[in-house]
Amino acid sequence: MASCSGALDKNLAILRLIERLVYEQLAETINLDEKFSKLALNSTYTGGIELQGNTKMRFEGSKTYVATEDLKLAVNASITLQRPLLIKGEPGTGKTLLAEEVAASLGLELMQWHIKSTTKAQQGLYEYDAVSRLRDSQLGDERVKDIANYIVKGVLWQAFEADKPVVLLIDEIDKADIEFPNDLLREIDRMEFFCYETKQLIKAKHRPIVIITSNNEKELPDAFLRRCFFHYIQFPDKATMESIVAVHFKNLKKELLDAAMASFFGIRALPGLKKKPTTSELIDWLRLLLAEDIPASALQAKDGKDAIPPMHGALLKNEQDVELFNRLVFMARQGR
């Protein structure tokens, strides 16, 4: 098992190195002279859309969101290549929040499409409200003569019609049916779709900055992946996590922070956990510790009764993990 873990870590390190080299190459491309930059951009299909300076937008992070250099480079590479940014990572690592921060940082409107297991791709384009039209026809409403009155525009249609670029979040795409990503290939690639009811070709006025999140619940089709720029958000290390905590808690005592960090990363390192606590759960836990005025000493177990940290329900989310943690701590205290 240890050898498999070592091989996995080695492969991840190689992938991160390759990803970094791609980022650096893209960063160099961005700094090329204007003439060559235009030539490079023209080689990427834009569907006849005016770029309106989108590619000159740069995401540099914000005061309320701690973005690593790799993540900032991924966002900017996506903007430069005019391709959707596919973000994967553990739940609670800030994938959805990234879209909000990118929009706020660039001064753009954020449009969100939260995917469910029953979501269909058509809903993002438009829906024809036949029931309302039938009801209005029975009431003699003049609106029934124009079918456009019964077309409910989806998030993609709204983004395509916007008078300036927007940030479009397609959240948790892996929750939908396996065919969902394939049904959006043309719309995402060519930034256009056809409304059969009104016989309109809807084309984007400005190419939106598309951010797609996934929790890896399902594999995404290769044809869809080919059209995206991919980035995996690694779980923050201790230093990065402390920076994230500092954003949420300005005056947190160092003693409490150190004790909480040791307890949190100690729990994450336990073998066999069904669900490891994430960044958002650490923030919730710290908020509870402060609200209840729990001292740092309470996080350092001294006997069997204190094996589980106070307010552990914010970190451990099922009884099997609580029992496993109790058992492992007990065995460690017995010197086994």
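About the criteria used
- Residues numbered from 1 in each chain as written.
- Predicted model: local features only at pLDDT ≥ 70, side-chain atom pairs only at ≥ 80, totals over all residues.
- Heavy atoms only, no water.
- Helix = DSSP H or I, 4+ residues; strand = E, 2+ residues; numbered from the N terminus.
- Buried < 20%, exposed > 50% of the residue type's maximum accessible area, 1.4 Å probe, protein only.
- Contact = heavy atoms within 4.5 Å.
- Lys, Arg positive; Asp, Glu negative; His and termini not counted.
- Salt bridge = Lys/Arg side-chain N within 4 Å of Asp/Glu carboxyl O.
- Polar contact = N/O pair within 3.5 Å; in protein donor to acceptor, adjacent residues only side chain to side chain.
- Pairing = 2+ DSSP bridges.
- Axes fitted to C-alpha atoms, helices over the stretch in contact; angles between N-to-C directions.
- Patch = residues over 30% accessible without salt bridge, like charges linked within 9 Å, V, L, I, M, F, W, Y side chains within 5 Å.
- Areas by Shrake-Rupley, 256 points an atom, 1.4 Å probe, with all protein chains shown as cover.
- Parallel < 35°, antiparallel > 145°, perpendicular 65-115°, else oblique.
- Left-handed = near helix turned anticlockwise from the far one by under 90°.
- Nonpolar A, V, L, I, M, F, W, Y, C, P; charged D, E, K, R; others polar.

> Looking at this model, I keep getting lost on the overall build of the protein. Mind explaining?
Helix and strand counts for the protein come out as 14 helices and nine strands. Residue burial in the protein is summarised as follows: out of 336 residues, 43% are buried. Considering only contacts in the protein between residues 6 or more positions apart, those separated by 24 or more positions represent 75%.

> What am I meant to see in the side chain of Glu 101 here?
Take Glu 101: it is sitting in helix α4 (residues 95-106). With no salt bridge to any partner, buried Glu 101 finds its closest opposite charge in Lys 63, at an N-O distance of 11 Å. A polar side-chain atom of Glu 101 sits 2.7 Å from a polar atom in the side chain of Ser 62. A distance of 3.1 Å separates a polar atom in the side chain of Glu 101 from a polar atom in the side chain of Thr 64. When sequence neighbours within four positions are dropped, the list of residues in contact with Glu 101 reads Phe 59, Ser 62, Thr 64 and Tyr 65.

> In this structure, what is going on with the sheet that holds strand β2 (residues 109-114)? I would like to understand it.
Either a parallel or an antiparallel arrangement is found when strands of a sheet pair, and the pairing is made through backbone hydrogen bonds. Sheet architecture is open: five strands sit in the order β2-β5-β8-β1-β9, paired in parallel fashion. The strands lining the two open edges of the sheet, one partner per strand, are β2 and β9 (229-233). Adjacent strand axes in the sheet meet at a mean angle of 20 degrees, parallel and antiparallel pairs treated alike. Those strands touched by helix α3 (residues 69-81) are β1 (85-89), β8 (209-214) and β9, and its axis lies near 165 degrees from that of β9.

> Looking at this model, I keep getting lost on a nonpolar patch on the surface. Mind explaining?
Side chains of Phe 194, Tyr 196 and Leu 201 sit close together on the surface and give an oily, nonpolar patch of about 340 Å² of accessible area. Within the element layout of this structure, Phe 194 appears in strand β6 (residues 192-195).

> Is there a simple way to think about the packing of helix α11 (residues 238-248) against helix α13 (residues 279-291) in this case?
Packed helices, taken two at a time, are described by their axes: the angle between them and the distance between them. Contact pair α11 / α13: the axes reach a minimum separation of 11 Å and the direction vectors enclose 50 degrees. Our classification of the angle between α11 and α13 gives oblique. The interaxial crossing formed by α11 with α13 has right-handed handedness. Side by side, α11 and α13 meet where Met 241, Ile 244, Val 245 and His 248 of the first sit next to Thr 279, Leu 282, Ile 283, Leu 286 and Arg 287 of the second. Its residues assigned to classes, the contact of α11 with α13 comprises six nonpolar, two polar and one charged.

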